[in-house]
Amino acid sequence: MLERYELEAFLTLAEELHFGRTAERLGVSTGRISQTVKKLERRVGTPLFARTSRSVRLTPVGQALHDELLPAYRQISTALERATAAGRGVHGRLRAGFGTPWGGELLTAAADALLALHPGCEITVREVPFDGGVRPLREGTLDVQCVAFPVREPDLTTGPVVFTDARVLLLPAAHPLAGRTSLGMEDLAGLDLIAPGGDVPRHWVEHHYPRGTPSGAPVGRGPAVATWQEVLSHVSAGRGASPGAALGARYHPRPGIAYVPLRDAPPLEYGLVWPTAADSALLRAFVAAAVTTP
């Protein structure tokens with residue numbers, strides 16, 4: 001039988017694929033994470049992670065274990081959160097923010113589900129501008145936010161991944177690459193990527209809008225933007241390209257824009273983020289509702 005800490009250590013490392021970030025999220029030392037994983041591997045009888053000096057990845061056995069454990073862990077966590085909320089009482093006001101239409105739909109559905117159980121709560125859901133980053137959480141105008149990971153801010157807590165989507169590249173419809181069935185990350189060479197300005201964390205921008213391809217070829221920068229509508233306008237006008245989510249083709253169709261799959265890019269992961277100091281029964285109940293929303 002796995003102890004809860006072992007389960008959390010394994011699932012968090014499987015998500016982060018980095019011992020340091022896993023230790024930071026769980027509030028323990030890197031050595032303890034390593035010891036816990038080794039103990040679990042001895043119990044299973046085979047490596048769950050393939051480690052090198054530069055990378056960590058799941059082995060086939062580790063991936064299979066992850067895929068079977070994650071749904072059960074989420075179900076257990078949700079049950080515990082609901083029991084805790086019932087015991088402490090869920091009340092008060094919660095302000096949730098989103099940056100994409102699909103994120104807004106998720107938060108609205110979570111709010112509806114939570115209000116059905118706790119009608120005395122007040123939950124508002126509003127959009128965050130593209131260049132807003134996590135500033136609303138720091139300014140105190142939001143209590144929780146649905147964002148594209150990674151988020152590595154020391155004063156913020158990141159919840160579990162709530163959904164994923166494939167990555168695409170938005171290109172002007174007349175661009176030579178727009179007619180391809182798919183593109184690779186090396187095809188970004190020489191393009192100008194339209195990225196958000198404002199207070200978006202640098203590590204987030206560099207992750208989603210790299211300045212170089214995997215082989216080191218330079219990738220340029222297009223206009224800095226404040227809203228997603230500005231991204232669409234610039235791409236349509238031929239001023240650059242933009243990485244994005246495959247769902248964008250359904251939510252933001254434009255005759256002047258082609259959405260081309262990026263076949264070798266990792267999927268986009270979305271989750272909830274909140275100030276570490278702002279824990280509450282209502283917040284925990286809302287996060288649990290978002291995780292279980294279909």
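Our subject is the structure that appears above.
Here the residue index of a chain counts from 1 through its sequence in written order. The predicted nature of this model means local features are confined to residues of pLDDT at least 70 and side-chain atom pairs, given and counted, to a pLDDT of 80 or more, with totals for whole chains, interfaces and linings taken over all residues. As a rule here, side-chain values cover all heavy atoms of the structure and leave hydrogens and water aside.

Colleague: Give me the lowdown on the nonpolar core, citing residues and values where you can.
Modeller: With 62 residues, the main nonpolar core has V144, L169, L171, Y270, L272 and F286 as its most contacted residues. Of the residues forming this core, the biggest block, nine residues, is contributed by helix α10 (residues 281–292). Pairs of residues are marked as contacts when any of their non-hydrogen atoms sit within 4.5 Å. With near-sequence residues (within four places) excluded, L272 lies in contact with L107, V144, Q145, C146, F149, T157, T158, G159, P160, F286, V287 and A290. In this description, a nonpolar core means a group of buried Ala, Val, Leu, Ile, Met, Phe, Trp, Tyr and Cys residues linked to one another through side-chain atoms lying within 4.5 Å. Each residue is placed in one exposure class: buried if its accessible area under a 1.4 Å probe, protein chains only, is under 20% of its type's maximum, exposed if it is over 50%, and partly exposed if it falls in between. In this structure, Y5, A9, L11 and I33 belong to the second largest nonpolar core, which totals 18 residues. Secondary structure is summarised from DSSP: a helix means a run of H or I of at least four residues, a strand means a run of E of at least two, and numbering begins at the N terminus for each.

Colleague: Please set out the sheet that holds strand β7 (residues 167–172) residue by residue, giving values where relevant.
Modeller: In sheet architecture, strand pairing relies on hydrogen bonds along the backbone and comes in two forms, parallel and antiparallel. Should DSSP find at least two bridges between two strands, the strands are taken to pair. A sheet is described by the order of its strands in space; here three strands give the open sequence β10-β7-β11, paired in antiparallel fashion. Sheet topology places β10 (242–245) and β11 (257–261) at the edges, where each strand pairs with a single neighbour. For this sheet, the mean angle separating the axes of adjacent strands, direction not counted, is 40°. Here β7 pairs with β11 via five bridges, running antiparallel. Bridging from a neighbouring strand, L171 pairs with A258 of β11. Think of each axis as a best-fit line through the C-alpha atoms, taken over the contacting stretch in the case of a helix, with angles from 0 to 180 degrees between the N-to-C directions.

Colleague: I'd love a proper account of the pairing of strand β4 (residues 122–127), names of residues and values included.
Modeller: Across six bridges, strand β3 (residues 93–98) lies against β4 in parallel orientation. Its bridge partner lying in β4, A96 is registered against V125. This β-α-β element, β3 to helix α5 (residues 101–117) to β4, shows right-handed connectivity. Think of it like this: strands point away, you trace from the first strand over the helix to the second, and a clockwise trace means the crossover is right-handed.

Colleague: A description of the packing of aromatic side chains should follow, citing residues and the corresponding values.
Modeller: When two rings of Phe, Tyr or Trp (its six-membered ring) have centres within 6.5 Å they constitute a pair, described as stacked for plane angles under 30 degrees, edge-to-face for angles over 60, and tilted for the intermediate range. Tallied over the entire structure, the rule returns six aromatic pairs. Where F130 meets W228, the ring centres are 5.3 Å apart and the plane angle is 80°; that geometry is what we call edge-to-face. Of this pair, F130 sits in the loop between β4 and α6 (135–139) while W228 is found in helix α8 (residues 228–236), placing the two residues 98 residues apart along the sequence. Measuring from centroid to centroid gives 6.3 Å for W204 and Y209, while their planes differ by 50°, and the two rings are tilted. Using a relative accessible area of 15% as the deciding quantity, one classes W204 as buried. Among the aromatic residues, those joined into a ring-pair cluster are W102, F163, Y251 and Y270. In this structure, R32 packs its charged tip against the face of Y5, placed 4.2 Å from the ring centre. Think of it as a cone above the ring: NZ of Lys or CZ of Arg counts as a charge over the ring if it is within 6 Å of the ring centre and within 35 degrees of the ring normal.

Colleague: Which residues make up the layout of surface pockets, and what are the values?
Modeller: Points on a 1 Å grid, built from protein atoms alone, make a cavity when a 1.4 Å probe fits but cannot get out and make a pocket when they are open with protein on both sides within 12 Å along at least 5 of 7 lines; residues with an atom within 4 Å of a point are the lining residues. Grid points are joined across faces, edges and corners, and a volume is the space filled by probe spheres set on the points. For the second largest pocket, the calculated volume is near 720 Å³. Considering the residues around the second largest pocket, the lining is formed by 35 residues, among which G99, T100, F130, A148 and W204 are closest to the centre. For the lining of the second largest pocket, the leading source of residues is strand β5 (residues 144–148), giving four residues.

Colleague: So what's going on with the environment of I257? Residues and values would help.
Modeller: Looking at the secondary structure, you find I257 in strand β11. Apart from the residues within four sequence positions on either side, I257 is in contact with L170, L171, A173, L232, V235 and S236.

Colleague: Describe in detail the environment of P160, supporting the description with residues and values.
Modeller: By the secondary structure assignment, P160 is in strand β6 (residues 156–165). Overall, the relative accessible area of 29% leaves P160 in the partly exposed class. Between the C-alpha atom of P160 and that of L11, which follows or precedes it by 149 residues, the distance is 9.8 Å. Not counting chain neighbours up to four residues away, the residues in contact with P160 comprise F149, Y270, G271, L272, V287 and V291.

Colleague: Tell me about the pattern of salt bridges, residues and numbers included.
Modeller: In what follows, salt bridge is the name for a side-chain nitrogen of Lys or Arg lying within 4 Å of a carboxyl oxygen of Asp or Glu. Inspection of every chain in the model, using the stated rule, returns 14 salt bridges. In this structure, D155 engages R138 in a salt bridge whose closest nitrogen and oxygen atoms are separated by 2.8 Å. In this pair, D155 is assigned in the loop between β5 and β6 and R138 in helix α6, connecting sequence segments 17 residues apart. Residue D155 is classed as partly exposed on the basis of its relative accessible area, which comes to 35%. According to the relative accessible area criterion, R138 is partly exposed, its value standing at 43%. Close ionic contact of E206 with R221 constitutes a salt bridge, the shortest N to O distance being 3.8 Å. You can see E206 sitting in helix α7 (residues 202–208) and its partner R221 sitting in strand β9 (residues 220–225), a full 15 residues away along the chain. Classification of E206 as partly exposed rests on a relative accessible area of 31%. Residues joined in a network through salt bridges with shared partners are E15, E16, R21 and R25.

By themselves, these observations are geometric and do not establish any function.
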